[in-house]
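The chain contents come next:
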Amino acid sequence: TKRAFDLTAASLLMVLSFPIWFFTIIAIKLDDGGPIFYSQARVGRDQNVFKVLKFRTMKIDAEKETGPVWAKADDKRRTRIGDFLRRWNLDELPQFLNVLRGDMTLVGPRPERPHFVSQFRETIPRYMARHKIKSGITGWAQVNGYRGNTSIHERLKYDLHYMENWSLAFDVKILFMTLFAYKNAY
C-alpha cells in the first residue's frame with residue numbers, strides 16, 4: 001500500500017511541480033553556472049548506501065576544506081539561490097526521483113550521511129532501528145522542527161514514534177504538515 005501510494009503521489013507531485021523545476025534549473029544556472037543537481041551518499045533501509053538527489057544549493061566543493069559538517073543558519077557555503085531553495089524546501093524536489101527508483105519513500109526517517117551514521121550508531125541507543133524502514137523525503141521529526149543541526153536524540157524519538165504508529169493517514173498528515181514546515185530549514 002505504501003509503495004503504491006509513493007509511486008502515485010510522487011508521479012503526481014513531479015508533474016505538478018514541473019514549473020518550479022523549470023525555474024529552479026534556470027535560476028541555478030544563472031546564479032553561478034555550476035551543476036544543477038547534487039548527489040550525496042546516504043544510508044537508508046538495512047544500511048544500504050544510495051545517492052540522494054537534490055538541487056545544488058552549495059558552492060562547488062563546499063566541504064573540501066572542512067569535511068562533512070551540518071548545514072547551519074547563515075551558512076557561507078550556500079549560493080544565493082541555494083538560500084532561497086533551502087528556506088522553502090525546494091532543494092528536495094529531485095528526491096521524487098529517488099522515490100520512483102525505490103531508494104526512498106515520501107515519508108520516513110530522513111537518511112543521514114555515512115560519516116554521521118557511524119558516529120551515531122556508537123553513541124545513541126536504538127539509533128540503528130531507524131534503518132529498518134525506507135528513508136523518507138520528509139518525516140515526523142522534520143515537520144516537528146528536528147532537522148539539520150538539531151538534537152539527534154529528539155529526532156530519533158520522533159522517528160521511532162513514526163515507525164511504531166505508521167498508517168497511510170499518518171503519512172498524509174505528515175505530507176500536509178510538510179507544506180508548512182520551515183523551522184530549521186537551512
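Residues numbered from 1 in each chain as written. Predicted model: local features only at pLDDT ≥ 70, side-chain atom pairs only at ≥ 80, totals over all residues. Heavy atoms only, no water.

Undergrad: Looking at this structure, how should I read the pattern of salt bridges?
TA: Where charged atoms from two side chains of opposite charge approach closely, those side chains can pair. Across all of its chains, the model carries 13 salt bridges by this definition. Taking the shortest distance from any N to any O, the salt bridge between D103 and R101 comes out at 2.9 Å. Through salt bridges with shared partners, one network takes in K54, D91, E92 and R110. (Salt bridge = Lys/Arg side-chain N within 4 Å of Asp/Glu carboxyl O.)

Undergrad: What's the story with a nonpolar patch on the surface in this structure? I'm lost.
TA: Residues F18, F22, F23, I26 and L30 make up a contiguous nonpolar surface patch of roughly 580 Å² in combined accessible area. Relative to the helices and strands, F22 is located in helix α2 (residues 18-32). Given the relative accessible area of 41%, F22 is considered partly exposed. (Patch = residues over 30% accessible without salt bridge, like charges linked within 9 Å, V, L, I, M, F, W, Y side chains within 5 Å. Areas by Shrake-Rupley, 256 points an atom, 1.4 Å probe, with all protein chains shown as cover. Helix = DSSP H or I, 4+ residues; strand = E, 2+ residues; numbered from the N terminus. Buried < 20%, exposed > 50% of the residue type's maximum accessible area, 1.4 Å probe, protein only.)

Undergrad: Even after reading the chapter, I still don't get the environment of T178, so can you show me in this structure?
TA: With respect to the helices, strands and loops of the structure, T178 is situated in helix α8 (residues 168-178). At 2.8 Å, the side chain of T178 and the side chain of T138 are in polar contact. Polar contacts involving the side chain of T178 include one to the main-chain carbonyl oxygen of I174, which spans 2.7 Å. (Polar contact = N/O pair within 3.5 Å; in protein donor to acceptor, adjacent residues only side chain to side chain.)

Undergrad: Help me out: how do you make sense of the packing of α2 against helix α3 (residues 80-87) in this one?
TA: Helix-helix packing: each pair is described by the crossing angle between the helix axes and the interaxial distance. In the contact formed by α2 and α3, the axes pass within 8 Å of each other and the chain directions differ by 150°. Put simply, α2 runs roughly antiparallel to α3. Each of T24, A27, I28 and D31 in α2 lies in contact with α3, whose residues at this interface are R80, I81 and L85. Here the residues of the contact of α2 with α3 are counted per class, giving 4 nonpolar, 1 polar and 2 charged. (Axes fitted to C-alpha atoms, helices over the stretch in contact; angles between N-to-C directions. Parallel < 35°, antiparallel > 145°, perpendicular 65-115°, else oblique. Contact = heavy atoms within 4.5 Å. Nonpolar A, V, L, I, M, F, W, Y, C, P; charged D, E, K, R; others polar.)

Undergrad: In this structure, what is going on with the pairing of strand β1 (residues 37-43)? I would like to understand it.
TA: Here is the key point about a regular strand: its side chains alternate between the two faces of the sheet. Across 7 bridges, the pairing between β1 and strand β2 (residues 49-55) is antiparallel. Residue pairing across strands places R42 opposite F50, the latter belonging to β2. (Pairing = 2+ DSSP bridges.)

Such coordinate-based values are descriptive only and should not be taken to indicate function.
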